[in-house]
Amino acid sequence: MMRKISSSCSSSCSSSTRGNPFLHSPTLVVAINNYMSTRSRGFHSENSKPAKSRETHRGKLVRDKNPQPSVPKVRSLEHALKVFDEMLQRRPLPSIVRFTQILTQVSKLNHYSAVISMNKQMVQCGIGPNHYTLSVIMNCFCHLNQMGFSLSVLALFFKLGLQPTVTTYTTLINGFVLKNRMAEAAGIFSKMLQAGRCVPDVVTFNTLIKGLCMRGDNSAAIQLLRKMEERGCKPNVVVYSTIIDSLCKDTLVVDALNLFSEMISKGIAPNVVTYTSLIQGVCNIGQWKEATRLLNEMVSRDIFPDVVTFNVLVDGLCKEGMVVEAKSVVEMMIQRDIEPNVITYNSLMDGYCLRGEMDEARKVYDLMLSKACMVDVRSCSILINGYCKHKKIDEANKVFQEMLCMELVPNTITYNTLIDGFCKAGRIQVAEKLFSQMQGSGQLPDVQTYTILMDGLCGNKQLCTAMELLREVEDKKLELDIVIYTVIIEGLCKAGKLESAADVLSSLSAKRVQPNVRTYTVMINGLCNGRLLVEAEKLLREMGEKGCSPNDCTYNTIIRGFINNNETSRAVGLIQEMVEMGFSADASTTELIIDLLSKDKVDPALLSYLKSSL
């Protein structure tokens with residue numbers, strides 16, 4: 001959400017030297033500090049202000065010829081309904097303009113069903129809609145995922161002799177886009193073009209571009225950008241920023257920067273959203289020097305970083321293990337009256353958890369607790385995961401209980417994390433109890449939940465219960481993946497039930513589940529441990545024939561199996577094959593080979609291999 005260059009970037013940035021650009025240029029922290037110390041927070045450029053939406057410019061209702069009292073600004077749905085009822089009691093009735101104003105306010109409070117009901121009451125009272133009213137109703141149906149009714153509203157335009165505006169069509173297109181129904185959105189767009197009366201504007205094009213970007217279809221989004229220009233519709237900063245953000249999410253940072261340069265060359269000024277997307281893109285692939293350059297360029301244009309920009313920096317630094325620098329950024333935010341939000345603190349807490357600094361992570365959590373309404377479900381899940389990863393399961397459970405006391409509803413991720421923690425701690429009964437609690441609370445387990453629990457049961461020698469659970473899950477017709485079956489196969493192999501494990505493996509094709517390299521490696525390991533070496537080698541050949549090539553782990557597993565069963569000559573043959581495939585012996589295999597060489601009598605095949613490889 002460069003795909004082609006991302007792998008190379010990621011691999012080169014995964015080493016411990018990813019932060020080295022700081023040695024050659026000012027760090028992000030220094031860059032921010034320098035800017036903040038020389039500029040007051042009140043100095044913003046026009047470019048840093050978010051562009052007004054079309055609704056701001058076009059959503060103003062036509063003034064009445066006979067002025068009437070304006071509709072008060074409503075504070076809540078209850079207040080809106082009270083004002084609405086009072087309006088219905090007036091004689092003469094207020095104009096449709098005034099009623100549309102109240103409907104618009106309620107829709108902005110996201111009470112879409114209420115708007116539909118209010119409109120029905122208006123119709124019953126003989127208050128006919130205008131095209132603004134119908135556009136509001138259409139928008140509400142779109143947000144309620146009732147696109148059929150939205151299309152009916154479009155038909156009503158024509159029935160009432162009203163001409164749909166560009167806003168009308170764009171609202172309908174946006175409804176389909178929000179539901180990822182791009183074919184229907186494109187269809188409405190085509191009809192709009194064919195009609196010829198209503199010319200798509202920049203917002204219409206951006207709505208479609210947004211939909212394409214949501215699907216990760218960046219090529220189509222750029223093509224539409226070109227068509228937009230061909231039709232004489234000038235793209236704005238929102239259009240470019242939408243595509244740039246999508247390219248960055250797909251790690252196509254080079255393409256994003258090229259589009260950014262094009263945007264600048266056309267005289268379209270970037271805003272804080274544009275720069276934040278780019279900074280996040282380069283941070284995600286570890287290009288800190290480029291992030292610093294972008295930040296410096298941003299502030300040189302008098303575009304001040306907002307809380308979202310700072311959150312990107314804090315999150316990026318934390319993921320690189322640079323929590324000290326991330327904390328400095330947070331402190332600067334506070335000093336300059338930019339209030340860190342829950343996302344800021346969650347990122348910082350996660351950074352401490354990744355480093356195993358659980359005391360510091362807890363301090364961040366306690367700070368969040370001291371700020372009313374700051375802690376959310378994700379905050380608790382992060383801290384629970386940190387404690388579980390560092391084998392502090394009781395501390396994790398304590399956070400879980402605190403979460404319940406705060407009336408926060410744990411989600412599937414929270415339950416999965418804690419269940420996994422109890423399983424790994426060998427406390428399987430507590431894990432099962434938590435699993436039951438999860439179901440009792442109405443939170444449905446997913447495939448990962450069942451996989452975690454089955455792995456825990458197998459690891460704690462409760463294979464029968466794990467098999468029962470598997471049958472239960474299969475009966476529920478859940479779409480199971482290869483991971484869950486690999487867990488069962490490994491459990492059966494460790495219990496010495498190789499025939500049953502082989503049966504599960506052979507049944508996968510009927511279930512339309514494709515074994516992966518780990519599945520085969522687990523089975524080969526089980527066969528080797530059961531001294532069934534012929535069967536193990538046969539499976540090695542079969543997996544290659546079925547399009548699943550063995551990897552270094554597979555070869556090392558079977559080689560150790562042969563060596564441990566005193567089949568040195570055959571092991572040497574497999575070692576030669578492994579080397580030809582471009583793999584090498586791992587530490588465990590190398591140790592076994594060294595042990596063989598230290599014996600009084602060394603296998604001639606091994607000596608021959610060593611001489612030929614020197």
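Residues numbered from 1 in each chain as written. Predicted model: local features only at pLDDT ≥ 70, side-chain atom pairs only at ≥ 80, totals over all residues. Heavy atoms only, no water.

Peer 1: Please give an account of the overall build of the protein that cites residues and values.
Peer 2: Across its full length, the protein carries 34 helices and 0 strands. Of all 614 residues assigned to the protein, the portion counted as buried reaches 48%. (Helix = DSSP H or I, 4+ residues; strand = E, 2+ residues; numbered from the N terminus. Buried < 20%, exposed > 50% of the residue type's maximum accessible area, 1.4 Å probe, protein only.)

Peer 1: Tell me about helix α7 (residues 131-143), residues and numbers included.
Peer 2: Its 13 residues give α7 an end-to-end C-alpha distance of 19 Å, which sits within 8% of 18 Å, the value for a rise of 1.5 Å per residue. Taken together, the buried residues of α7 touch α5 (96-108), α6 (112-124), α8 (147-159) and α9 (166-178). By the N-cap criterion, in which a side-chain oxygen at the helix start approaches the backbone nitrogen of a residue two or three places on, α7 is capped by Asn130, the distance to Tyr132 being 3.0 Å. Phi turns positive one or two residues past the end of α7, at Asn145, with a value near 60°. (Expected span 1.5 Å × (residues − 1). Contact = heavy atoms within 4.5 Å. Polar contact = N/O pair within 3.5 Å; in protein donor to acceptor, adjacent residues only side chain to side chain.)

Peer 1: Could you give an account of the side chain of Thr519, with specific residues and numbers?
Peer 2: For Thr519, the location among the structural elements is in helix α29 (residues 517-529). By relative accessible area, Thr519 is classed as buried at 0%. Side-chain polar atoms of Thr519 contact the side chain of Asn516, separated by 2.7 Å. Apart from the residues lying within four places of it in its own chain, the contact partners of Thr519 are Ile482, Thr486, Ile489 and Leu505.

Peer 1: Which residues make up the confidence of the model for the protein, and what are the values?
Peer 2: Any segment with low pLDDT has predicted coordinates that should not be analysed in fine detail. Of all residues in the protein, 87% attain a pLDDT of 70 or more, and the chain-wide mean is 86. In this model residues 1-26 is a low-confidence stretch, pLDDT under 50, and it forms 42 contacts with partners more than four residues away in sequence or in other chains. Per-residue pLDDT stays below 50 along residues 39-66; that stretch engages in 44 contacts with residues further than four places along the chain or on separate chains. (pLDDT = per-residue confidence, 0-100.)

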